[in-house]
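Residues per chain are reported as follows:
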Amino acid sequence: VMATGTPDSQARFGQSVKGLLIEKVNTCGTDVIALTKQVLKGSRSSELLGQAARNMVLQEDAILHSEDSLRKMAIITTHLQYQQEAIQKNVEQSSDLQDQLNHLLK
């Protein structure tokens, strides 16, 4: 009885081990696929971060350029105000001269 039971139990044990191995191999395969997806996602994240950094540098350049333009416009505005004041004084003086001329011609 024991001699015939041994090959049978060995066969069952072999099947059990084979089943466990197949299960472990499948689990490892699934883990490798998950790891690969994670690595790809990580490299994509890195790519997106790099792109975001490049965009940020471009935005920073645009902001600096805008600040420079605003400074120049402020200087131009100040010069225009001085010119406007000078023109206004000249108009007032010419008005005074006109009055003086009119008074002399009477």
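Residues numbered from 1 in each chain as written. Predicted model: local features only at pLDDT ≥ 70, side-chain atom pairs only at ≥ 80, totals over all residues. Heavy atoms only, no water.

Caption draft 1: Spotlight on the overall build of the protein chain. When you go through the protein chain residue by residue, the secondary structure sums to one helix and zero strands. Computed over its C-alpha atoms, the radius of gyration of the protein chain comes to 45 Å, more than 25% above the 13 Å expected for a compact globule of 106 residues. Counting only C-alpha atoms, the protein chain reaches 155 × 15 × 10 Å along its principal axes. Carbon and sulfur atoms form 64% of the exposed surface of the protein chain, whose accessible area is close to 9,900 Å². Positive and negative side-chain charges of the protein chain, numbering 11 and 12 respectively, have mean locations separated by a distance of 15 Å. (Helix = DSSP H or I, 4+ residues; strand = E, 2+ residues; numbered from the N terminus. Rg over C-alpha atoms; globule rule 2.2 N^0.38 Å. Areas by Shrake-Rupley, 256 points an atom, 1.4 Å probe, with all protein chains shown as cover. Lys, Arg positive; Asp, Glu negative; His and termini not counted. Charge placed at Lys NZ, Arg CZ, Asp CG, Glu CD.)

Caption draft 2: View of the pattern of salt bridges. This structure, assessed with the given rule, holds three salt bridges. Residue R12 pairs with D8 through a salt bridge whose shortest N-O separation is 3.4 Å. Of this pair, R12 and D8 both sit in helix α1 (residues 2–105), four residues apart, which is roughly one turn of that helix. Note on R12: relative accessible area 55%, which makes it exposed. Overall, D8 belongs to the partly exposed group, its relative accessible area being 43%. Between D68 and K72 there is a salt bridge; the shortest N-O distance is 3.3 Å. Taken together, the residues span about one helical turn, with D68 and K72 both in helix α1 at a distance of four residues. (Salt bridge = Lys/Arg side-chain N within 4 Å of Asp/Glu carboxyl O. Buried < 20%, exposed > 50% of the residue type's maximum accessible area, 1.4 Å probe, protein only.)

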